[in-house]
Each structure stands twice: as structure tokens, then as C-alpha cells.
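Observations on chain architecture
Here are the chains, one letter per residue:
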Amino acid sequence: MDREKLTISAVAAYLGAHPMTTANWFGPTGRTESSTWIAEDGTGWRVWDTDEKGVEMDDMTLRTESESEALEAFLARAEWHRRAAASAVNPNPPGQAAGRV
């Protein structure tokens with residue numbers, strides 16, 4: 001995707017073709033924990049992240065008037081959360097009961 005020309009319709013189409021549970025597209029469309037959110041609030045754009053408990057991380061909030069900046073940050077953060085989840089080690093591999101070593 002050409003990040004120089006990001007538009008709402010281009011990102012929506014991308015997410016339609018490449019669904020990400022870490023991307024909450026203008027509302028709760030993905031998982032609530034360890035994910036990225038985007039909203040337009042009338043004065044500009046807001047992009048924020050949630051931690052592993054689904055709590056908003058205030059120090060990670062981007063506020064901008066630039067649509068393309070917000071969309072780029074949103075995609076980059078959602079992809080980061082997706083990669084982080086994919087590389088996480090499963091503490092309970094298949095066939096092993098939780099809490100057993």
C-alpha cells in the first residue's frame with residue numbers, strides 16, 4: 001500500500017482484503033486488548049493503543065489534523081500489534097494443560 005496517498009477508502013479496502021484483529025476501524029471492530037484504534041472527533045484525528053488488558057495507553061495517543069498522518073500511524077501500529085501477537089510464545093502449547101510444567 002502506498003503510504004504517501006493514504007485515504008479512508010484506501011485503508012478500508014486494505015483492511016477488507018487484509019483483516020487485522022489488532023485494528024479497530026472507527027469503533028470496536030477488532031479485539032479490545034493490545035490493539036490500535038482510530039477516530040475523528042471534529043477537531044482532528046485521534047489514534048491510540050490499548051494494553052494487554054484493553055486499557056487505553058494515554059502516553060501513546062496521537063492527535064493530529066492530518067488525515068494521512070493519522071491513517072499511517074493507525075496502520076503502522078495495528079501491524080506492530082499483529083506482529084507482536086504472532087511472535088508471542090504460547091505458554092501452554094497444544095496438549096499441555098495450563099499450569100503444568
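Here's what I pulled together on the structure shown here. In this text the structure is predicted, and so the values were computed from the model without any measurement.

On to the side chain of glutamate 79, then. Summarising the element assignment, glutamate 79 is placed in helix H2 (residues 67–87). A polar contact is formed between the side chain of glutamate 79 and the side chain of tyrosine 14, at a distance of 3.4 Å.

The next point concerns the nonpolar core. Of all hydrophobic cores here, the largest spans 16 residues; its most connected members are Val11, Leu15, Trp25, Ile38, Val47 and Phe74. Among the elements of the structure, helix H1 (8–17), strand S1 (23–25), strand S3 (45–49) and H2 are those that each provide at least two residues to this core. Here this core takes six residues from H2, the largest share from any one element. Every residue in contact with tryptophan 25, bar those within four places of it in the chain, is listed here: Ile8, Val11, Ala12, Leu15, Ile38, Leu71 and Phe74.

The phi angle of most residues is negative, glycine excepted, and most peptide bonds adopt the trans form. The residue phenylalanine 26 is not glycine, and still its phi comes out positive at about 55°. Following the sequence through the fold, phenylalanine 26 ends up in the loop between S1 and strand S2 (36–40). You will see that serine 34, though not glycine, has its phi angle at about 45°, which is positive. With respect to the element layout, serine 34 can be found in the loop between S1 and S2.

What follows concerns the environment of glutamate 40. By the element assignment, glutamate 40 lies in strand S2. With 14 residues separating them in the primary sequence, glutamate 40 and phenylalanine 26 have C-alpha atoms 7.9 Å apart. With sequence-adjacent residues up to four places away left out, glutamate 40 is seen in contact with Phe26 and Trp45.

Turning to the side chain of threonine 64, a few remarks are in order. With respect to the element layout, threonine 64 can be found in strand S4 (residues 62–64). Judged by relative accessible area, which is 11%, threonine 64 ranks as buried. Of the polar contacts made by the side chain of threonine 64, one reaches the backbone nitrogen of serine 66; its length is 3.0 Å. In contact with threonine 64, other than residues within four places in its own chain, are Gly44, Trp45, Glu69 and Ala70.

Conventions and cut-offs
- Going along each chain's sequence as written, the residues are numbered from 1 onward.
- In keeping with the predicted nature of the model, local features appear solely for residues at pLDDT of at least 70, side-chain atom pairs appear and are counted solely at 80 or more, and the whole-chain, interface and lining totals rest on all residues.
- Heavy atoms from the whole structure form the basis of all side-chain values; hydrogens and water molecules are not counted.
- Secondary structure elements are defined from DSSP: runs of H or I of at least 4 residues count as helices, runs of E of at least 2 residues count as strands, and each element is numbered from the N terminus.
- In protein, a polar contact requires one atom able to donate a hydrogen and another able to accept it; more generally it is a pair of N or O atoms within 3.5 Å, and residues adjacent in sequence count only if both atoms are side-chain atoms.
- We call a set of buried residues a nonpolar core when its members are Ala, Val, Leu, Ile, Met, Phe, Trp, Tyr or Cys and they connect through side-chain atoms within 4.5 Å of each other.
- Residue burial is assigned from relative accessible area. The probe radius is 1.4 Å, only protein chains are included, and a residue is buried under 20% of its type maximum, exposed over 50%, and partly exposed in between.
- Contact criterion: two residues are considered in contact whenever any of their non-hydrogen atoms come within 4.5 Å of each other.

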